[in-house]
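Structure assessment
What follows is the residue order along each chain.
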Amino acid sequence: MTPFAAIPDMSACPTVRVVQDPQDLSAIRDPDVDAVLWRRAPLPAFQNWIDGLAPDTLPSLRAIFPPDEVRDILTAACDASKTPHHAERDRLIDDAAALATMFAGVMGAPYLRLRFDVIDTNACCKFHTDTISARLICTYRGHGTHYGLASDGRDPETILSTPTGSPMIFRGNQWRNRSSDLGDGKPPTRLVHRSPPIEGTGETRLVLVIDPIHEPANEI
């Protein structure tokens, strides 16, 4: 059973597609879409479990591997961090592995760079667009990613936040679509995002980040 349940569409950003079905994450390929948000809410039992873990037992990982190895890699990361064995741990692994498999399918990626980041500082707290084709971000614990539309290099006037547990695929500045291929001068995306500033609050976030990789030999 998934530890998440769908919640209503409450998007306030016109270039963000909000979906209720994970199969609709492929909407990232639509020309007028900057990002796709699968809006869902963690079930209380899962959220209470992950919020109650000691920060040093949260899984931490950074690796490149084929999608079919994701589950084993995530299990090893939990073992290395001594994440307690529990039904909710299995659900975390299952969910992250499912997101990785879906994202690989959407992007046609034979490999993935997967990170589990444990964050208690103001890491990546400046608004930016990633130097990559696209990125999936899902916050399992703590405040979700901030995002908004930018213009003329300024921060967004309206800042939105992804719900905890809701995966979001963001286009990066290396995204290729029909408009950019035609050379019409349009940027791949105007949507920017950042990690919420939390330093000094005592909060510890657990964030899953997945990038598509097509040539692993060229990656550092």
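Residues numbered from 1 in each chain as written. Predicted model: local features only at pLDDT ≥ 70, side-chain atom pairs only at ≥ 80, totals over all residues. Heavy atoms only, no water.

Turning to the environment of Leu 136, a few remarks are in order. For Leu 136, the position within the fold is in strand S7 (residues 134-141). On the basis of relative accessibility, which here comes to 0%, the residue Leu 136 falls in the buried class. On a C-alpha basis, the gap between Leu 136 and Ile 169 in space is 4.3 Å, while along the polypeptide they are 33 residues apart. If we skip the residues at most four places from it in the chain, Leu 136 touches Leu 99, Phe 103, Pro 167, Met 168, Ile 169, Leu 208, Val 209 and Ile 210. (Helix = DSSP H or I, 4+ residues; strand = E, 2+ residues; numbered from the N terminus. Buried < 20%, exposed > 50% of the residue type's maximum accessible area, 1.4 Å probe, protein only. Contact = heavy atoms within 4.5 Å.)

Residues at a pLDDT of 70 or more form 89% of the protein chain, whose mean pLDDT is 87. The secondary structure element of the protein chain with the lowest average pLDDT is helix H4 (residues 178-181), at 43, and the one with the highest is S7, at 97. Note on residues 6-10: pLDDT is under 50 here. Beyond four places in sequence and across chains, it has 13 contacts. (pLDDT = per-residue confidence, 0-100.)

Moving on: the packing of helix H2 (residues 70-80) against helix H3 (residues 87-107). Two numbers describe how H2 lies on H3: the axes approach to 9 Å, and their chain directions differ by 140°. As summarised for this structure, H2 and H3 are arranged oblique, according to the angle between their axes. Between H2 and H3 the crossing geometry is right-handed. Listed contacts from H3 to Val 70, Arg 71, Leu 74, Thr 75, Cys 78 and Asp 79 of H2 are Arg 89, Ile 93, Asp 94, Ala 96, Ala 97 and Ala 100. Residue classes in the contact of H2 with H3 are distributed as seven nonpolar, one polar and four charged. (Axes fitted to C-alpha atoms, helices over the stretch in contact; angles between N-to-C directions. Parallel < 35°, antiparallel > 145°, perpendicular 65-115°, else oblique. Left-handed = near helix turned anticlockwise from the far one by under 90°. Nonpolar A, V, L, I, M, F, W, Y, C, P; charged D, E, K, R; others polar.)

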